[in-house]
Structure formats: C-alpha cells, structure tokens
Amino acid sequence: MRQALALAREAEAAGEVPVGAVVVDAGGRCIGRGHNHPIGACDPTAHAEILALREAAARAGNYRLPGTTLYVTLEPCAMCAGAIIHARVARVVYGAADPKGGAAGSVFDILPGERLNHRVELRGGVLSNDSAGLLQDFFRRRRGGKKGEAE
C-alpha cells in the first residue's frame, strides 16, 4: 500500500486526483503500477487501477491475473471493479472508502457480488488516513482552501 501511496503522490504532482495502484503476484512481486492519469492522457479510463492492470497483464502475457492482489489508495469505482473482475484478480486491498462512487461496498457492492462469475476478496481501510488525507488536501487546495464548496 505504501507503493500505491507513492504513486498517488506522483498523480498529485501531475495535477491528477491522487490515486495510486499496484498489482502484486502470488510470489509478492509487483507486476503492475499505475496512478490516475485521465486528464493528462485525455482518457476517461486512465484510472490508477486500469493502468496497473494493463501493465500487469502485459508482463504476465495474459489478460487474466489469477492469484494477484491489487492495492489501491481509493475504493475502486464501477468501471475499475468491472476490469478487476474480468482480470480475475483474487484480492483487492484499498485505503480510503469512496462514499460518492465506490463499488466495493460504499455505493455499489460489485466486487464480492454473488451474482457475478468471479468474486474478489476485499480488505478496506488499510492506511486509510494517509489515503484520505491526500485526497482531502488535494480537493481543499483545488477549492482554494474553502471547506464545504463543491469540487
């Protein structure tokens, strides 16, 4: 998760929402890394999780990533949850919950869903204060330091 936090800081330095993600194989090796990049890439799918999954799949030589764990600083959205399921990621460990768009229990409960052909083991709240703090500081600065204004 600390690697994902470092990637989130890279996203922030690039003017992107500070979210970072890493994919780790069953042997504990990092095989995919990503941070949010939709603004710079002009790509609405360039979320940290998607970029980390793309790199991991390329390294593995397979779009399926069984036995892997995805560490991400923010609860995945519905798009990322769908990609995680299609990639057959075994576990997702996330930092901060996303009460406005999370798909791992906050708004939707896609990842452990009983109706889909793959279930993902979840663990949330890992280094959540660090993850949430990065996001809160980022949006506070974007609003000009005024708490409570729309983002």
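As a starting point, this report considers the structure included with it. Everything numeric here is computed off the predicted structure, so don't read it as measured data. (Residues numbered from 1 in each chain as written. Predicted model: local features only at pLDDT ≥ 70, side-chain atom pairs only at ≥ 80, totals over all residues. Heavy atoms only, no water.)

### Concerning the overall build of the protein
Reasoning step 1: In terms of helices and strands, the protein carries 5 helices and 5 strands.
Reasoning step 2: Going from N to C terminus, the protein has its helices and strands arranged as α-β-β-α-α-β-α-β-β-α.
Reasoning step 3: Its C-alpha atoms give the protein principal-axis dimensions of roughly 45 × 30 × 30 Å.
Reasoning step 4: Counting the 151 residues in the protein, one finds 44% classified as buried.
Reasoning step 5: Put simply, of all contacts in the protein between residues at least 6 apart along the chain, 55% involve residues at least 24 apart.
Reasoning step 6: Summed over all atoms, the accessible surface of the protein reaches about 7700 Å², with 51% contributed by carbon and sulfur.
Reasoning step 7: On the protein, the mean spot of the 19 positive side-chain charges and the mean spot of the 16 negative ones are 1 Å from each other. (Helix = DSSP H or I, 4+ residues; strand = E, 2+ residues; numbered from the N terminus. Buried < 20%, exposed > 50% of the residue type's maximum accessible area, 1.4 Å probe, protein only. Contact = heavy atoms within 4.5 Å. Areas by Shrake-Rupley, 256 points an atom, 1.4 Å probe, with all protein chains shown as cover. Lys, Arg positive; Asp, Glu negative; His and termini not counted. Charge placed at Lys NZ, Arg CZ, Asp CG, Glu CD.)

### What to know about the packing of aromatic side chains
Reasoning step 1: Tallied over the entire structure, the rule returns 1 aromatic pair.
Reasoning step 2: Seen from their ring centres, F138 and F139 are 5.1 Å apart, and the 80 degrees between their planes marks the pair as edge-to-face.
Reasoning step 3: A relative accessible area of 7% means that F138 is categorised as buried.
Reasoning step 4: You can call F139 buried: its relative accessible area is 18%. (Phe/Tyr/Trp six-rings, centres within 6.5 Å; stacked < 30°, edge-to-face > 60°.)

### Thoughts on helix α4 (residues 78-86)
Reasoning step 1: All of the buried residues in α4 are C80, A81, I84 and I85. Looking down the long axis of α4, one finds its buried residues gathered within 140 degrees of arc, a one-sided arrangement.
Reasoning step 2: Phi turns positive, to about 60 degrees, at R88, one or two residues after α4. (Arc of directions from axis to C-beta.)

### Section: the pattern of salt bridges
Reasoning step 1: Scanning all chains against the criterion turns up 4 salt bridges.
Reasoning step 2: Between R59 and E55 there is a salt bridge, with its nearest N and O atoms 3.5 Å apart. One end of the pair is R59 and the other is E55, both in helix α3 (residues 48-60) and 4 residues apart, which spans about a single turn.
Reasoning step 3: Residue classification places R59 among the exposed residues on the basis of a relative accessible area of 55%.
Reasoning step 4: Between R140 and D137 there is a salt bridge, with the nearest N and O atoms lying 3.2 Å from each other. Remark: D137 and R140 occur in helix α5 (residues 128-142); sequence separation between them is 3 residues, near one turn of the helix.
Reasoning step 5: On the accessibility criterion, D137 (36% relative accessible area) is partly exposed. (Salt bridge = Lys/Arg side-chain N within 4 Å of Asp/Glu carboxyl O.)

### Here's the deal with the nonpolar core
Reasoning step 1: With 27 residues, the main nonpolar core has V23, L53, L70, I84, V89, V92 and L111 as its most contacted residues.
Reasoning step 2: The set of elements that each furnish at least two residues to this core consists of β1 (20-24), α3, β3 (69-74), α4, β4 (91-96) and α5.
Reasoning step 3: In terms of residue count, α3 provides more of this core than any other element does, 4 residues in total.
Reasoning step 4: Apart from residues no more than four positions distant in its own chain, V89 is found in contact with L53, L65, T68, L70, I84, H118 and V120. (Core = buried A, V, L, I, M, F, W, Y, C linked by side-chain atoms within 4.5 Å.)

### Concerning the side chain of S131
Reasoning step 1: Topologically, S131 is positioned in helix α5.
Reasoning step 2: Classification of S131 by relative accessible area gives buried; the value is 1%.
Reasoning step 3: When residues no more than four places from it in sequence are discounted, the contact partners of S131 are L5, T73, G95, A96 and V126.

### Comments concerning the packing of α3 against α4
Reasoning step 1: Running from N to C, α3 and α4 point in directions that differ by 20 degrees, and their axes come no closer than 9 Å. Judged by the angle between their axes, α3 and α4 are roughly parallel. Handedness of the crossing formed by α3 with α4: left-handed. On α4, the residues touching E49, I50 and L53 of α3 are M79, C80, A83 and I84. (Axes fitted to C-alpha atoms, helices over the stretch in contact; angles between N-to-C directions. Parallel < 35°, antiparallel > 145°, perpendicular 65-115°, else oblique. Left-handed = near helix turned anticlockwise from the far one by under 90°.)

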